[in-house]
2 protein chains.
Amino acid sequence: MVKIDPSRLWKSIMETARIGETPRGGLCRLALSDEDLEVRDWLTRACEQLGCSLAVDDMGNMFATRAGWRHDADPICVGSHLDTQPTGGRFDGILGVLAGLEILRSLDDHGVETEHPIQLINWTNEEGARFAPAMMGSGVFARAVDKGAVLASRDRDGVRLGDELTRIGYRGEEPCGRHALDSYFELHIEQGPVLESEGKVIGIVEGAQGMRWYDLTVCGSAAHAGTTPMQLRRDALVGAARIVCDLNELAEEMGGGALATNGVLESTPGSRNVVPDRAFLTIDLRNPDDGVLDVMEERLDRIVSDRCSNEGLEFQLERIWSSPPVRFDSDCVAAVREAARRSGQPTREILSGAGHDAVYISRIVPTAMIFIPCEGGLSHNEQENAEQEHVAAGASVLLDAILERDRAR
Amino acid sequence: MVKIDPSRLWKSIMETARIGETPRGGLCRLALSDEDLEVRDWLTRACEQLGCSLAVDDMGNMFATRAGWRHDADPICVGSHLDTQPTGGRFDGILGVLAGLEILRSLDDHGVETEHPIQLINWTNEEGARFAPAMMGSGVFARAVDKGAVLASRDRDGVRLGDELTRIGYRGEEPCGRHALDSYFELHIEQGPVLESEGKVIGIVEGAQGMRWYDLTVCGSAAHAGTTPMQLRRDALVGAARIVCDLNELAEEMGGGALATNGVLESTPGSRNVVPDRAFLTIDLRNPDDGVLDVMEERLDRIVSDRCSNEGLEFQLERIWSSPPVRFDSDCVAAVREAARRSGQPTREILSGAGHDAVYISRIVPTAMIFIPCEGGLSHNEQENAEQEHVAAGASVLLDAILERDRAR
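Residues numbered from 1 in each chain as written. Chains lettered and ligands numbered in written order. Predicted model: local features only at pLDDT ≥ 70, side-chain atom pairs only at ≥ 80, totals over all residues. Heavy atoms only, no water.

**Student:** How would you sum up the overall build of chain A? Please name residues and give values.
**Tutor:** A count of helices and strands for chain A gives 12 helices and 16 strands. Over its C-alpha atoms chain A spans a radius of gyration of 23 Å, differing by no more than 12% from the 22 Å that the globule rule assigns to 409 residues. Taking the principal axes of its C-alpha atoms as reference, chain A extends roughly 80 × 45 × 40 Å. A fraction of 80% describes how many contacts in chain A between residues 6 or more apart in sequence connect residues 24 or more apart. Surface exposure of chain A reaches about 14,500 Å², of which carbon and sulfur atoms provide 45%. Each charge class in chain A was averaged separately, 42 positive and 67 negative side chains, and the resulting centres sit 1 Å apart. (Helix = DSSP H or I, 4+ residues; strand = E, 2+ residues; numbered from the N terminus. Rg over C-alpha atoms; globule rule 2.2 N^0.38 Å. Contact = heavy atoms within 4.5 Å. Areas by Shrake-Rupley, 256 points an atom, 1.4 Å probe, with all protein chains shown as cover. Lys, Arg positive; Asp, Glu negative; His and termini not counted. Charge placed at Lys NZ, Arg CZ, Asp CG, Glu CD.)

In structure tokens form, the structure reads like this:
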């Protein structure tokens, strides 16, 4: 039986973790930054050493292919992303790509010939931290997101994503989404506390919760902090702060796994003795049930309009992105379940709380995911951590699942 | 009787208002920026054309002196500042400096010989918008603020104030605070609604309210927005937002002119799908009564510690600056009152809500201020406006008050 090399996989993770390393042991490897370029070059070299053919599409998605014996077969794919949050960890996304690389290496070590080509994918800008929204590369590939719009999207310094792709030399020739995939498997840390708290090692991911993203701008009037009576103020920051508190209470009150997050709050002019005239707030709502998300959105509308009218503020609230709840392909999930069973590890079925490239890809190709635990459920955090044994177990199940898929097709 | 030239004064204001002009008709002329350099050079040329001797001290404070006949007399001074907020107006500070310039010009036009030298001062970094705290130039001059500390202070890009002084060429030789002043008079817009609403043109400023500035940092834990249950979060932004709401309610509840402002709220990592782990908040408390400020500070302490312990957050709260309530010199205020009476304009006694260079200078030199109305009480705002007639009336009273002072001494 083909086996992965756990220590080689761990070494790859630790070696690339030096690219964009933060002082506190995390990673800052924003999409299309110099650090992203460096890790892409690392992956290119590693795939070339294996003799894999490497293609890059015009979204910067990278595809390394190990040929199968049937030349007309579509590739069975594994992958994830190598970009991170500004204070991200060493496993989110990275595990899926480097476990895929380890699989290609292990197949070579054991001289395995598969029927289908096996393809490793590194998707561009999964995190959405520098350029919003998230999961751009897989979103364009799945025709869920408009390519022209995301190429034109800008970071906070006004730099265009398309220009950055060209600058780092990863704007390829192949039109994104052109080539066919047989199926897609993604290994990922859970990014939540469930597996760890229940002592499970493998999560068989059946689907993902829905999520909706909003941009809110609140406008008041700038005024002098020392001379403007409280009752005459139209303070945009106070309005935004009330909305933050209300949304937090809304999610707690709704329960049932309802989540509300304000990741960004920026106010202008940003001077300590000036009442702010403008506040920009991001809103992230999540739930496994689309009906619950409808209710949350309705409440959000009401909270914003009530708070703003009370404080004499104007506002603009826009839903900029949404992803409905997803169920993964039953055959692919079954292949994962079977591989997990054979591994002898403790397993459980689970839903993904986070967005993943697999969520978009599942719209066009049979897809499944595998989770392993992460310490304390922490992710998007420099302290993010996973155990070496769990990493090895996850990669083994991934390899076994794609071989299962190869045999079954 | 010596008279100022109202249209020449207005022309100076409008001419310099092109330096750092914003699209909405305000000014962005941050301390020690290229725009600050440009307006300083403008003032230098204007003073040299008058034959005034110009000195710059090692804080960048500018002193233009028109000699008096008594060579051993200390100068009677007028002035204010030429720097602005990031979205500031055309009058705040600027009026005091350019009215002072107009006085020097008018004395020349009429060939007036004063006993004391008359000195025009442009203080460095009154606003504190780029480098905190505010009123640095006058603060160091009055020995209320440590020169080494403020020269080492940095803006948000990490640039040192001392380096910027050198870069723009306004780090002079004279040690700040070395030379003696006879007295100091500052003309300013009220920056509040009182004079306008009562139909008064001249405010005889008797003193200034007290103010206290704080920096608050709240620390939680970064976490994934899609997988971290609400009850397990330690969200620094939610904690800071609750504090903003509480402080706003505190000031409204206390009444009696109590003011609380949060001008800056910044959170990290600043990504829409990450629970923020850190929030930085500025707090500005003001009241004419130091006892009330003590109560507000006590309540602030309690609000911060209660909210943070409820949300499982750590915090650091530091009072970074305070200015006790001030009473101006009775002789100087009397000179203003007499000049205001002679002007025939409607007047009233008033307290300053804002901080001014005059507040620091009053600690070491007899000082007074004159206010004129500004439209809608708006200041620190691009719409800040003052009427040409009120500007002329204020400058006339300023000239008359310093001549009164010159005769009386």
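**Student:** Help me get a handle on unusual backbone geometry, residues and values and all.
**Tutor:** In this chain, A:Ala132 is followed by A:Pro133 through a cis amide linkage whose omega measures 0 degrees. In this model, B:Thr268 is joined to B:Pro269 through a cis peptide bond whose omega is 0 degrees. Here B:Pro269 is to be found in the loop between strand S10 (265–268) and strand S11 (274–275). Phi at B:Asn125 is positive, roughly 50 degrees, even though this residue is not glycine. Following the sequence through the fold, B:Asn125 ends up in the loop between strand S4 (118–122) and helix H4 (136–141).

**Student:** So, the pairing of strand S10 (residues 265–268) of chain A: which residues are in play, and what are the values?
**Tutor:** Residues and elements named next belong to chain A. What you see with S10 is a clean split: Leu265 and Ser267 sit on the buried side and Glu266 and Thr268 on the side with no burial. The sheet contact formed by S10 and strand S12 (residues 278–287) spans 4 bridges and is antiparallel. Counted as the bridge partner of Thr268 is Arg278 from S12. (Buried < 20%, exposed > 50% of the residue type's maximum accessible area, 1.4 Å probe, protein only. Pairing = 2+ DSSP bridges.)

**Student:** I'd like a description of the packing of aromatic side chains, backed by residues and values.
**Tutor:** The description of an aromatic ring pair uses the distance of the two centres, along with the angle that the planes make with each other. All names here are of chain A. By the definition in use, this model includes 14 aromatic pairs over all chains. Measuring from centroid to centroid gives 5.3 Å for Trp123 and Phe141, while their planes differ by 70 degrees, and the two rings are edge-to-face. Here the residue Trp123 occupies a position in the loop between strand S4 (118–122) and helix H4 (136–141), and Phe141 occupies one in helix H4, the gap between them amounting to 18 residues. For Phe141, a relative accessible area of 1% gives the class buried. Aromatic pair Trp321 and Tyr360: ring centres 6.4 Å apart, planes at 75 degrees, arrangement edge-to-face. With Trp321 in strand S13 (residues 314–323) and Tyr360 in helix H11 (residues 357–361), the pair connects residues that are 39 residues apart, well separated along the chain. Among the aromatic residues, those joined into a cluster by ring pairs are Phe63, Trp123, Phe141 and Tyr184. Arg40 extends its terminal NZ or CZ atom over the ring of Tyr170, reaching a point 5.2 Å from the ring centre. (Phe/Tyr/Trp six-rings, centres within 6.5 Å; stacked < 30°, edge-to-face > 60°. Lys NZ or Arg CZ within 6 Å of the ring centre and 35° of its normal.)

**Student:** Residues and numbers for the interface of chain B and chain A, please.
**Tutor:** The partner chain A presents 64 residues to the 64 residues of chain B that form the contact. Between chain B and chain A, a total of about 5,300 Å² is buried, with carbon and sulfur atoms accounting for 55% of that surface. The largest share of the area that chain B buries against chain A comes from B:His224, B:Met230 and B:Arg272, three residues that together contribute 16% of it. Counting across the chain B and chain A interface gives 4 salt bridges. With its nearest N and O atoms 2.9 Å apart, the salt bridge here joins B:Glu249 to A:Arg242. (Buried area = accessible area lost by both parts, 1.4 Å probe. Salt bridge = Lys/Arg side-chain N within 4 Å of Asp/Glu carboxyl O.)

**Student:** Pulling in residues and values, what's your account of the nonpolar core?
**Tutor:** Ranked by size, the top nonpolar core spans 100 residues in total, and within it A:Leu43, A:Leu101, A:Leu120, A:Phe185 and A:Val391 carry the most contacts. Sorting elements by how many residues they give to this core places helix H12 (residues 388–408) of chain A first, with 10 residues. Three or more residues apiece are contributed to this core by two domains, here domain 1 (6–209 + 325–408) and domain 2 (210–323) of chain A. Look past the residues within four positions of A:Leu43 in its chain and what remains in contact with it is A:Met62, A:Leu82, A:Val97, A:Leu101, A:Leu120 and A:Asn122. Listed in part, the 99 residues of the second largest apolar core include B:Leu95, B:Leu104, B:Ala134 and B:Cys176. (Core = buried A, V, L, I, M, F, W, Y, C linked by side-chain atoms within 4.5 Å. Domains from an automatic or database assignment.)

**Student:** Account for helix H2 (residues 34–49) of chain A, naming residues and giving values.
**Tutor:** Residue and element names in this part refer to chain A. The terminal C-alpha atoms of H2 lie 23 Å apart, and with 16 residues this matches the ideal 22 Å at 1.5 Å per residue to within 8%. If you follow the buried residues of H2, they end up packed against helix H1 (6–16), strand S1 (53–56), strand S2 (62–66), helix H3 (94–109) and S4. Within two residues after H2, Gly51 carries a phi angle of roughly 75 degrees, on the positive side. (Expected span 1.5 Å × (residues − 1).)

**Student:** Could you give me a rundown of helix H8 (residues 236–254) of chain A, with the residues and numbers involved?
**Tutor:** Given 3.6 residues to a turn, an α-helix orients residues that are three or four positions apart in the same direction. Residue and element names in this part refer to chain A. The terminal C-alpha atoms of H8, which comprises 19 residues, lie 27 Å apart, in line with the 27 Å expected from a rise of 1.5 Å per residue. Of all the 19 residues making up H8, 15 are buried; the element is thus mostly covered by neighbouring parts of the structure. Its side-chain oxygen placed 2.9 Å from the backbone nitrogen of Leu237, Asp235 serves as the N-cap of H8. Backbone geometry just downstream of H8 places Gly255 in the positive-phi region, at approximately 60 degrees. (Polar contact = N/O pair within 3.5 Å; in protein donor to acceptor, adjacent residues only side chain to side chain.)

**Student:** Can you explain the pattern of salt bridges? Please cite residues and give values.
**Tutor:** When charged atoms on two side chains of opposite charge get close, those side chains can pair. Residue and element names in this part refer to chain A. In total, this model carries 68 salt bridges over all chains according to the counting rule given. Among the ionic pairs, Arg66 bridges to Asp108, the shortest N-O distance being 2.7 Å. Residue Arg66 is found in strand S2, and its partner Asp108 is found in helix H3; the two are separated by 42 residues along the sequence. Arg66 gets classed as buried once you look at its relative accessible area, which sits at 12%. For Asp108, a relative accessible area of 35% translates into the label partly exposed. Of the charged contacts in the structure, one is a salt bridge between Arg319 and Glu297, with a shortest N-O distance of 2.8 Å. Taken as a pair, Arg319 in strand S13 and Glu297 in helix H9 (residues 290–310) lie far apart in primary sequence, 22 residues in all.

**Student:** Describe in detail the relation of the copies chain B and chain A, supporting the description with residues and values.
**Tutor:** Once chain B has been moved 0.1 Å along the axis and rotated by 179 degrees, it coincides with chain A to within an RMSD of 0.1 Å. The superposition operator between the copies reduces to a two-fold rotation axis. Ranked by how close their C-alpha atoms come to the rotation axis, the residues of chain B are headed by B:Ala241, at 2.3 Å. Here 100% of the contact residues of chain B are again contact residues in chain A; the copies associate through an equivalent surface. (Least-squares fit on C-alpha atoms with pLDDT ≥ 70 in both.)

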